[in-house]
Each structure stands twice: as structure tokens, then as C-alpha cells.
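Read off the chains here:
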Amino acid sequence: MSTPDIDSLEYKKQFIHEATRLAVESVEKGWGGPFGAVIVKDGKIIGRGQNRVLLTGIPVYHAEVTAIIDACSKINSKALLGSGCQEGNLKLIPRPEGSLDPSPERSQMLKGCEIFVSGAPCPMCMSAIYWARIDRVYFGTTLADASNIGFDDEFQYIDFNLPYEERKAIQVFPGFEREHALKACEAWMNKTDRHPY
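Basis of the calculations
Residues numbered from 1 in each chain as written. Predicted model: local features only at pLDDT ≥ 70, side-chain atom pairs only at ≥ 80, totals over all residues. Heavy atoms only, no water. Buried < 20%, exposed > 50% of the residue type's maximum accessible area, 1.4 Å probe, protein only. Helix = DSSP H or I, 4+ residues; strand = E, 2+ residues; numbered from the N terminus. Pairing = 2+ DSSP bridges. Core = buried A, V, L, I, M, F, W, Y, C linked by side-chain atoms within 4.5 Å. Contact = heavy atoms within 4.5 Å. Phe/Tyr/Trp six-rings, centres within 6.5 Å; stacked < 30°, edge-to-face > 60°.

Novice: Explain the pairing of strand β1 (residues 36-41) to me, please; I cannot follow it from the model alone.
Specialist: Both faces of the sheet carry side chains from a regular strand, because those side chains alternate between them. Extensive coverage of β1 is indicated by the burial of five of its six residues. With six bridges joining them, β1 and strand β2 (residues 44-50) adopt antiparallel strand pairing. Residue pairing across strands places Val-38 opposite Arg-48, the latter belonging to β2. Here five bridges tie β1 to strand β5 (residues 113-119), and the two strands are oriented antiparallel to one another. Bridging across to β5, Val-40 finds its partner in Glu-114.

Rendered as C-alpha cells:
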């Protein structure tokens, strides 16, 4: 039996198919919208997620977020979390050449992974993907497809491009009690054993 080419698009189709299966299951069980996601490392699924907003009443319970949580929970030893031990996805690695991040090293998170999503990520999920340092995003349906069935995330992308005072969806008050809030930044900078993530 020959070894599969895990980098081929043909091999990767199975992952978008699994993400879509999870999305359909979410709809059929009444858990949430038609969105599913899987996270893949070295050609194997390490995290699965489904939209479960209707099941939980939690508006951030999106497929991508739950897949990230699932993948990280498998990488990290629960006994070490919060103990100051920096293993698993908290292990420090150098920032890639050409990165816009000025920090010389960050926690690994899900670097080296890919995410397959049944539909285009909303802005919250895309941000979560960035924070997780996932290398590649593959998605099936587009923002326009989602809008056609009542999930209009595109307006959020548009609103985020506007200056705070011109945003239409939510009123934003930047710099409110900034001097007081800077105490949290000072606490972080004064922490001698801080761990960049």
C-alpha cells in the first residue's frame, strides 16, 4: 500500500467533507447553524468543532472556536495547565521570518496546523484562527452563501474597517478611563516571569 500524499488537495478533501458532516449534524440535531470545522496536523484530525449556539445559548460557540479548544485540549496536559509549566502549545518558538509581530518568540499554539471549515469564518473566528497561529485556512461556502441563508457576517468585516466613531453596528468608546486601565498593562510588564503568547 502506498503512502498517501498528505499535502495533496485530493487528500485534503476528506477534511472539508468531515467539517461539512459536522455542520449538517449540528443543523439536524438543532444545536446551531450549518458550520463545522476540523483542525489537522500532519495529515490527521486533532480537533473537531460544530456550531452549538442554539444548544448552549452562548453566541461565541462557533465551529472554529470549538475546534481550536478541542485541538488545544488534546495537545496540552490538563495537569500542567496553569502550573507555570510551558509545554504543549505554550512552548516558545521563534517568530517566522517576515512576520509582522515584533516579538522574537511566541507560544507555539497551533502552528503547523491547518483548519478546514464548512463556511467562511466570521470575523470572531478568523481572529481566533490568527491567535491560534494556524498556518492555513480552507473553507467551503463563502460569506455571500452564508448571507443568502441568514448569516450575514460580511457587514462585520466592513464595520471593522471603519474608524471607531463611524462604526454603525455598535457604538465604541475608545480610551475610556485609559489611565486607570493602564494599570493592567503595567502589571504585565512588571511580571518578571511573563510568558508571551
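Novice: So what exactly am I meant to see when it comes to the nonpolar core here?
Specialist: Considering soluble globular proteins, one finds that nonpolar side chains tend to be buried as a cluster. Ranked by size, the top nonpolar core spans 16 residues in total, and within it Ala-37, Ile-39, Ile-68, Leu-110, Ile-115 and Ile-134 carry the most contacts. Taken together, the elements giving at least two residues each to this core come down to β1, α3 (63-75), β5 and α4 (123-132). The biggest single contributor to this core is α3, with five residues. Excluding residues within four positions of it along the chain, Ile-68 makes contact with Ile-39, Leu-110, Ala-128, Ile-129, Ala-132 and Ile-134. Membership of the second largest hydrophobic core comes to seven residues, among which are Phe-15, Ile-16, Val-38 and Phe-116.

Novice: How should I be thinking about the packing of aromatic side chains in this particular structure?
Specialist: How two aromatic rings sit relative to each other is given by the distance of their centres and the angle of their planes. Taken as a whole and judged by the stated rule, the model has four aromatic pairs. Ring geometry for Tyr-11 and Phe-15: centres 5.7 Å apart, planes at 75°, overall edge-to-face. Taken together, the residues span about one helical turn, with Tyr-11 and Phe-15 both in helix α1 (residues 9-28) at a distance of four residues. Using a relative accessible area of 3% as the deciding quantity, one classes Phe-15 as buried. On the numbers, 5.1 Å between centres and 90° between planes, the contact of Phe-35 with Phe-151 is edge-to-face. One end of the pair, Phe-35, is in the loop between α1 and β1; the other, Phe-151, is in the loop between α5 (143-148) and α6 (154-160), and 116 residues separate them in sequence. A relative accessible area of 12% places Phe-35 in the buried class. On the accessibility criterion, Phe-151 (32% relative accessible area) is partly exposed.

Honestly, it's all geometry; don't read function into it.
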